[in-house]
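Architecture at a glance
Residues per chain, in single letters:
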Amino acid sequence: MLVGARRGRAWIRVDAKGKLEKKKETGMSDKNTKERGVMEKLVSLCKRRGFIFHSSEIYGGINGFWDYGPYGVALKRAVESLWWRYMVEDRDDVEGLDSTIICHPRVWKASGHLDKFGDMMTDCRSCKARHRVDQMADKTECPNCGSTDLTEPREFNLMMKTFVGPVFDEDHAAYLRAETCQPIFVDFHLVRITARQKLPFGIAQIGKAFRNEINPRNFTFRSREFSQMEMEFFCKDGDSMEWFEYWRGERLSYYRDLLGFGEEEIRIHDHGPGELAHYAKAALDIEFKFPFGWGELEGVHHRGTWDLERHQEFSGESMEYFEQETNTRFIPTCVETSVGVDRTVLALLCHAYDEDTAETKKEGKSEDARVVLRFPAVVAPVQVAVLPLSKKLAEPAEKLYKDVRRSFRAEFDVTGSIGKRYRRQDEIGTPVCVTFDFDSLEDGAVTLRDRDTMKQERVSVDALGEVLRERLG
Ligand code: GAP
C-alpha cells in the first residue's frame, strides 16, 4: 500500500518498505519540456483558481483521484448537462438511466470484466517498480532503473473490489462498476417497456466508473475514479452500420459545433481489423490533441449483440426483442458512444488555455501579459461577472447581479482594483464582465467587457438581458 507525503512541489510516494518514489505534481510522463510546461501551468492554474486538485491533499494526496473545486464542479456540471441535453432531452429516441455503482457481481462475470479486464504487467526485481507491458518501449528493460531482471508478464485485473454486508469473504464480494454501460444492458427491457420505446432507440447514462489503473497519469486523463457519459443505441443488425455512421457524424459535430474544437485539435482513429473485438463490425476513437500528445476522448463502438447475449446467458432471462411488424424475435445490435467527463473537462481546459500579450495597461495592470481561459460560453463556469467600480456602488450592482443570475451562471465581485478583477475573471474564463460605475446611477447603463477582445461597450440595463442572451447563447 502506498501512502503519500507532500514535499514542496513534488509528490513523494512511500511504499510499505519505506522506499521513496518522487513524482511530479502533474504525473506527466511526457519528456517534452515545452508541452510539459503548458500542462504544469494548467495544473497550477487549476489548483490556484479552485478548478481541480488532489483528493485528500492534507494527507499527502491519493494517486489517481481528483477533487473538483467550485469552478471545476461548475464546468463539469455544464459539460454533463450539455451532453445530456444533446443526447437525451433534445431527442425522442434516447431515454435516460441512473443506475447503481455496485451491481450484482454476475453482471461483471457476464460482461467479461472479471476474467479479462486487465493489463499485462511486469515487475522489476531490481527496483521493484511495476510496469504495463504495452507502455514499455523496450520490453526487456525496466524504464525506471534500466535493469533487465523482469518477471514474466502477468494479468492484473482493474476492477475495484468491495464487500456487501458485514461478512468480508468471497461470497460477499462486489465490484465498483468499471463502465457505466453494463447496467444499461441489464435494464434494457425495463427501460424499453416503461418508456414504450421500439427499435431503434438508445439508453444513456452519466455516472462514476472505477478502474484500478496501474499508472494514473497526465493529470486527470487517466484516473482511478472518473465519470463517463455513455449511450447504447439498439437497432436491427441490418441497420447497424448506418447508425454507426450516423453517430460518428453526431459526435463529431458535438465537438466541433458545440465545444468549438478546431480541425487541428480533434481527429478520428478508425480501428483496423486487427484492433476490433471479435463481435464488432466497426469502432473508432475520437482523439484530442492534448499538450502531452493525442489521447482518446471518446469511443464509438459497434458492440454487436455481445452484451445482451452474455446477460441472457448468465441471467437466464431472455434479452430478445419482439418485432410485431415481422412477427420475429431477435437480440438487438448495439452501437455505443462512450466519453469521459473528466477527459472532456481536461480537453476544454487545454483548448481554452491561452496567454495573451495584448496591451493591458489601460486595465490597471503594469505587465502586458494575461492568462485567459477561452471557454465556449455554454460551459464557462461563470458566464457573467457583475463588478461594481467602487464599494459604494455595491448595493445597486448587487441588485443587478441577482437579476442576471436568474438566467446565467453569475458571480459578484467587489474586492480589489477593477483591473485585477478583470484578470481574475479572465483566468477562470468568464466571457463577459458587467461593470457598474457612478454614471450607471445617472444613465441606467453599464459597461460590458468582452473576455477575448477586451473591448468595452455601454449597454442600457433594460437591454442587458437580451444582449447577454445574444452573446452567451
Ligand atoms: N463502455 C466502453 C468503455 O468504457 P473505454 O474506452 O474503456 O470504453 C470510454 O472508456 C471513455 O471513458 C474513454 O474514451 C475515456 O474518455 C474515459 N476513460 C476511460 N478510462 C479512463 C480513466 N482511467 N480515466 C479517465 N477517463 C477514462
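Description of the structure in this document. (Residues numbered from 1 in each chain as written. Predicted model: local features only at pLDDT ≥ 70, side-chain atom pairs only at ≥ 80, totals over all residues. Heavy atoms only, no water.)

A look at the site of the ligand
Neighbouring the ligand are 20 residues, the closest being Glu-179, Arg-211, Glu-230, Glu-296 and Leu-297. Leu-297 has a polar backbone atom sitting 2.8 Å from an oxygen atom of the ligand. Glu-336 places a side-chain nitrogen or oxygen 3.0 Å from a nitrogen atom of the ligand. Protein burial of the ligand: of its 550 Å² of free accessible surface, 91% is covered by the chains. At the level of elements, strand S13 (225-235), strand S16 (293-304) and strand S19 (333-340) are the ones that each hand at least two residues to the shell around the ligand. Looking at the shell around the ligand, its residues break down into five nonpolar, five polar and 10 charged. (Near = heavy atom within 4 Å. Polar contact = N/O pair within 3.5 Å; in protein donor to acceptor, adjacent residues only side chain to side chain. Areas by Shrake-Rupley, 256 points an atom, 1.4 Å probe, with all protein chains shown as cover. Helix = DSSP H or I, 4+ residues; strand = E, 2+ residues; numbered from the N terminus. Nonpolar A, V, L, I, M, F, W, Y, C, P; charged D, E, K, R; others polar.)

Regarding the packing of aromatic side chains
Under the criterion given, the structure shown has 24 aromatic pairs. Ring centres of Phe-51 and Tyr-71 lie 5.9 Å apart, and the angle between their planes is 45°; on these two criteria the pair is classed as tilted. Remark: Tyr-71 occurs in helix H2 (residues 70-89) and Phe-51 occurs in the loop between helix H1 (33-48) and strand S4 (52-54); sequence separation between them is 20 residues. This pair shows no difference in class: Phe-51 is buried, exactly as Tyr-71 is. (Phe/Tyr/Trp six-rings, centres within 6.5 Å; stacked < 30°, edge-to-face > 60°. Buried < 20%, exposed > 50% of the residue type's maximum accessible area, 1.4 Å probe, protein only.)

Notes on the packing of H2 against helix H9 (residues 341-352)
Put simply, H2 and H9 touch, their axes get as near as 10 Å, and they point 115° apart. The orientation of H2 with respect to H9, classified from their angle, is roughly perpendicular. Relative to H9, H2 is oriented so that their crossing is right-handed. Contacts from Leu-75, Lys-76, Val-79 and Glu-80 of H2 reach H9 at Val-341, Asp-342, Thr-344, Val-345, Leu-348 and Leu-349. Of the residues contributing to the contact of H2 with H9, the split by class is six nonpolar, one polar and three charged. (Axes fitted to C-alpha atoms, helices over the stretch in contact; angles between N-to-C directions. Parallel < 35°, antiparallel > 145°, perpendicular 65-115°, else oblique. Left-handed = near helix turned anticlockwise from the far one by under 90°. Contact = heavy atoms within 4.5 Å.)

Considerations on the sheet that holds strand S7 (residues 118-123)
Reading across the sheet, the three strands line up as S8-S7-S9 and stay open at both edges, with antiparallel pairing between neighbours. Of all strands in the sheet, those with a lone pairing partner are strand S8 (130-132) and strand S9 (154-157), marking the two edges. Pairs of neighbouring strands in the sheet enclose a mean axial angle of 50°, with direction left out of account. Where S7 meets S9, four bridges bridge the pair, whose relative direction is antiparallel. Across the sheet, residue Met-120 finds its bridge partner in S9, namely Glu-155. (Pairing = 2+ DSSP bridges.)

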